[in-house]
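Residue strings, one per chain:
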Amino acid sequence: IPFFVYIWSMLKRLMKKNYFMVKAVFLLAAAVLPLLLGSCSKKNVQSDAPDSETALQSYAGSSVTENGIKIDFDFTALNATMVYSEVFNMLVEPAHYNGKKIRVRGTFSSFIPNGKAERAYMVVVSDEHACCQQGIEFKLSGGCSYPKDYPPLDSEIEIIGTFILTQTEEGYDYFYIACDEITEL
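Bear in mind the structure is a predicted one, so any value in this text is a computation, not a measurement.

Procedures and definitions
Residues numbered from 1 in each chain as written. Predicted model: local features only at pLDDT ≥ 70, side-chain atom pairs only at ≥ 80, totals over all residues. Heavy atoms only, no water. Helix = DSSP H or I, 4+ residues; strand = E, 2+ residues; numbered from the N terminus. Buried < 20%, exposed > 50% of the residue type's maximum accessible area, 1.4 Å probe, protein only. Contact = heavy atoms within 4.5 Å. Areas by Shrake-Rupley, 256 points an atom, 1.4 Å probe, with all protein chains shown as cover. pLDDT = per-residue confidence, 0-100. Phe/Tyr/Trp six-rings, centres within 6.5 Å; stacked < 30°, edge-to-face > 60°. Lys NZ or Arg CZ within 6 Å of the ring centre and 35° of its normal. Patch = residues over 30% accessible without salt bridge, like charges linked within 9 Å, V, L, I, M, F, W, Y side chains within 5 Å. Salt bridge = Lys/Arg side-chain N within 4 Å of Asp/Glu carboxyl O. Core = buried A, V, L, I, M, F, W, Y, C linked by side-chain atoms within 4.5 Å. Polar contact = N/O pair within 3.5 Å; in protein donor to acceptor, adjacent residues only side chain to side chain.

### Quick notes on the overall build of the protein
Okay, step 1: Each helix and strand in the protein was counted, giving five helices and eight strands.
Okay, step 2: In the protein, the succession of α and β elements from N to C terminus is α-α-α-β-β-β-α-α-β-β-β-β-β.
Okay, step 3: Taking all 185 residues of the protein together, 30% fall into the buried category.
Okay, step 4: Considering only residue pairs separated by 6 or more positions, the protein has 52% of its internal contacts joining residues 24 or more positions apart.
Okay, step 5: A total of about 12600 Å² of accessible surface is found on the protein, and carbon and sulfur atoms cover 57% of it.

### Digging into the confidence of the model for the protein
Okay, step 1: Per-residue confidence for the protein gives a mean pLDDT of 78, with 66% of residues at or over 70.
Okay, step 2: Highest mean pLDDT in the protein belongs to strand β7 (residues 156-167) (94); lowest belongs to helix α3 (residues 52-59) (48).
Okay, step 3: Scored below 50 in pLDDT, residues 44-56 shows two contacts in the model against residues more than four places distant or in partner chains.

### Brief notes about the packing of aromatic side chains
Okay, step 1: The tally for this structure, following the rule as stated, stands at twelve aromatic pairs.
Okay, step 2: Centroid distance tyrosine 121 to phenylalanine 138: 6.5 Å. Interplanar angle 40°. Geometry classified as tilted. On the criterion of sequence distance, the pair formed by tyrosine 121 in strand β5 (residues 120-126) and phenylalanine 138 in strand β6 (residues 133-140) is long-range, its members being 17 residues apart.
Okay, step 3: Among the residues examined, phenylalanine 138 registers a relative accessible area of 0% and is labelled buried.
Okay, step 4: On the numbers, 4.1 Å between centres and 10° between planes, the contact of tyrosine 121 with tyrosine 150 is stacked. Pair noted here: tyrosine 121 is in strand β5 and tyrosine 150 is in the loop between β6 and β7, with a separation of 29 residues, a long-range link.
Okay, step 5: On the basis of relative accessibility, which here comes to 11%, the residue tyrosine 121 falls in the buried class.
Okay, step 6: Ring pairing ties together the aromatic residues Phe73, Phe75, Tyr97, Phe163 and Phe175, which thus form one cluster.
Okay, step 7: Positioned over the ring face of tyrosine 176 is lysine 139, at 4.4 Å from the centre of the ring.

### A look at a nonpolar patch on the surface
Okay, step 1: A surface patch of nonpolar side chains, amounting to about 280 Å² of accessible area, comprises Phe88, Leu91 and Val92.
Okay, step 2: You can see phenylalanine 88 is positioned in helix α4 (residues 80-92).

### Overview of the nonpolar core
Okay, step 1: One finds Phe75, Met90, Ile102, Val104, Phe138 and Ile159 to be the most contacted residues of the largest nonpolar core, which totals 23 residues.
Okay, step 2: Elements represented by at least two residues in this core include exactly α4, β4 (101-111), β5, β6, β7 and β8 (173-184).
Okay, step 3: Once residues within four sequence positions are removed from consideration, methionine 90 is found in contact with Phe75, Tyr97, Ile102, Ile136, Phe163 and Phe175.

### Some words on the pattern of salt bridges
Okay, step 1: What the rule picks out here adds up to five salt bridges.
Okay, step 2: Two residues, lysine 70 and aspartate 72, come together in a salt bridge whose shortest N-O distance is 2.8 Å.
Okay, step 3: Residue lysine 70 is classed as partly exposed on the basis of its relative accessible area, which comes to 45%.
Okay, step 4: A salt bridge links arginine 103 to glutamate 158; the shortest N-O distance between them is 3.8 Å. Highlighted residues: arginine 103 in strand β4 and glutamate 158 in strand β7, separated in sequence by 55 residues. Comparing arginine 103 with glutamate 158 shows no difference in burial state: the two are buried.

### Remarks on the environment of threonine 107
Okay, step 1: Along the chain, threonine 107 falls in strand β4.
Okay, step 2: For threonine 107 and glutamate 156, which are 49 residues apart along the polypeptide, the C-alpha to C-alpha distance reads 4.6 Å.
Okay, step 3: Leave out the neighbours within four places in its chain, and threonine 107 touches Met122, Val123, Val124, Asp154, Ser155 and Glu156.
Okay, step 4: Polar contacts involving the side chain of threonine 107 include one to the side chain of glutamate 156, which spans 2.8 Å.

Here's what the structure looks like:
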């Protein structure tokens, strides 16, 4: 209430001096007042978005595929930004995922790294706006040959496999998904 009394007294003073200024102050007060009143609510506002614990349970549960494979981390249950974030988290905390069964969807990519003879295969995930991308290397078992046993480049795929964390000869962390199943979508 003191705020309104102050505004009213200011308006009275300004009305005597300049009508244009009174109009400007009144419009400014009318614009700012709803913001002030709306932001001072004591009500507990609830969001429709799940909290982090609920989101974690939705993809880090014990889902099972049609083939009976138990999935530890099902990234297909998350939106694109969350998948991108979790794949980035694999870079930061690979030990957290080591030995876990993972299901992920993305774009198939393949290339020969500089100075290597062996071809690398990746599932590439993007954030919601496709401005940021991150790839996870995967390896098929059982004498598969490229391109015969792999999907076409840039096709959408889903892979299921075990996250493997190892060390390079130089002592760096190296990880990939030992792929049990690959499906072209």
